[in-house]
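Results of the structural survey
Residue strings, one per chain:
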Amino acid sequence: MTKVGFVGLGIMGGPMAANLVEAGYEVTGYNRSSAKAEKLAAEGGKAAGSIAEAVSAADVIVTMLPDSPDVESAVLGEDGVLANAREGALLIDCSTIRPEVSRAVAEQAERQGVRALDAPVSGGEQGAIDGALSIMVGGDSAAFAAAGEVFDVVGKTVVHVGPAGSGQTVKAANQLIVAGNIALVAEALVFLEKHGVDTESAFQVLGGGLAGSKVLDAKNKGMRERTFKPGFRIELHHKDLGIVQSAARESGVSAPLSGLVAQLMEAAVAQGDGSLDHSGLFKQIAKLNGTE
Ligand code: NAD
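Criteria and thresholds
Residues numbered from 1 in each chain as written. Predicted model: local features only at pLDDT ≥ 70, side-chain atom pairs only at ≥ 80, totals over all residues. Heavy atoms only, no water. UniProt positions renumbered as here; feature names shortened; annotations may be inferred. Axes fitted to C-alpha atoms, helices over the stretch in contact; angles between N-to-C directions. Helix = DSSP H or I, 4+ residues; strand = E, 2+ residues; numbered from the N terminus. Parallel < 35°, antiparallel > 145°, perpendicular 65-115°, else oblique. Contact = heavy atoms within 4.5 Å. Nonpolar A, V, L, I, M, F, W, Y, C, P; charged D, E, K, R; others polar. Near = heavy atom within 4 Å. Polar contact = N/O pair within 3.5 Å; in protein donor to acceptor, adjacent residues only side chain to side chain. Areas by Shrake-Rupley, 256 points an atom, 1.4 Å probe, with all protein chains shown as cover. Buried < 20%, exposed > 50% of the residue type's maximum accessible area, 1.4 Å probe, protein only.

Under an unreviewed UniProt entry, the name given to the protein is 2-hydroxy-3-oxopropionate reductase, and the organism recorded is Actinopolyspora biskrensis. Under Sequence similarities (unreviewed entry), UniProt gives the following word-for-word description of the protein: "Belongs to the HIBADH-related family."

This is the structure:
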């Protein structure tokens, strides 16, 4: 039986680890707050009290952490994943982080005989629960091939997009498209409400034409009803737009709409909305119009 060590059992990592248990893997999970590891144990996995305990016997290690500094400390840090992984293990980092941190992880992993992939995901909590994530994978092709069976359990559309760090670059583009789309659906809702149109019918017909999108389908009801339970938190999307901005600057790319939507997301965080679902960006557009 393939042994999986799983680090980071939050909104995404929890159900991904549970699906691996369900598929027959022996999964040992570690999370900074231990209740989430206990939940994995109740689902048939094992709870570890430290990163070392989760990963030292693992054939495959999956990490699903919030941000670049978390990966730097939990993967590269003293007594982190790489300090404890056995030679020949495969490390799949599913966190959304800066591409250069993924490259640093791949370099240090290679020095220690560990194969590493950056494999950020898209599809949200429901995609994680359903094992239907889109996964954009950066790293060596042989490592990608070796990870195939694990990816098949947690993902539906899994594509190798290039060398180490490329998965993160593609994920940054993903986050730019999603944020822009949310902002436009929010703007359309304020516009429709101001005109007194029945917004449910409006989004029904808009969803069937060229204006339709997964964001429109998934988020218009919550915006109409002003319910913004996460899901994907604004503070995480704010982090991701920071990645977009700095990666665009590094490569000399002008991306004006990403700048605008990043500022709106910044305002949402500044006003205390960081823990809302990212569809809560609607509140910023509504405030601009005095219609919150
Ligand atoms: P989350 O905050 O729910 O989960 C992260 C988990 O990691 C938490 O349980 C936290 O306790 C744990 N953690 C933090 N530092 C740790 C450490 N050093 N050691 C062990 N555990 C630690 O976040 P999430 O929503 O699951 O997101 C995880 C990643 O996936 C982020 O990079 C996010 O951008 C990305 N993502 C999230 C979604 C979504 O819809 N939530 C969708 C796609 C991608």
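There's plenty left to go through after this.
1. Quick word on the packing of helix α11 (residues 199–208) against helix α12 (residues 214–225)
Running from N to C, α11 and α12 cross one another at 170 degrees; their axes reach a closest spacing of 11 Å. Judged by the inter-axis angle, α11 sits roughly antiparallel to α12. Contact with α11, carried on its side by T199, E200, F203, L206 and G207, involves L216, D217, N220 and R224 of α12 and no other residues of that element. Within the contact of α11 with α12, the residues separate by chemical class into 3 nonpolar, 3 polar and 3 charged.

2. Considerations on the site of the ligand
Residues in close proximity to the ligand total 25 residues, the closest being I11, M12, N31, P66 and K239. M12 has a polar backbone atom sitting 2.9 Å from an oxygen atom of the ligand. Here an oxygen atom of the ligand and a backbone polar atom of L65 are 3.1 Å apart. Expressed as a share of its isolated accessible area of 830 Å², the protein-covered part of the ligand is 93%.

3. Considering the UniProt feature "active site" (unreviewed entry) in the protein
If you check UniProt for "active site" (unreviewed entry), the listed places come out as K171 in our numbering. Taking the relative accessible area as the measure of exposure, K171 reaches 5% and is therefore buried. In this view, K171 contacts T96, P120, V121, S122 and M136; residues no more than four positions away in its chain are not counted. Separated by 2.6 Å, the side chain of K171 and the backbone oxygen of V121 make a polar contact.

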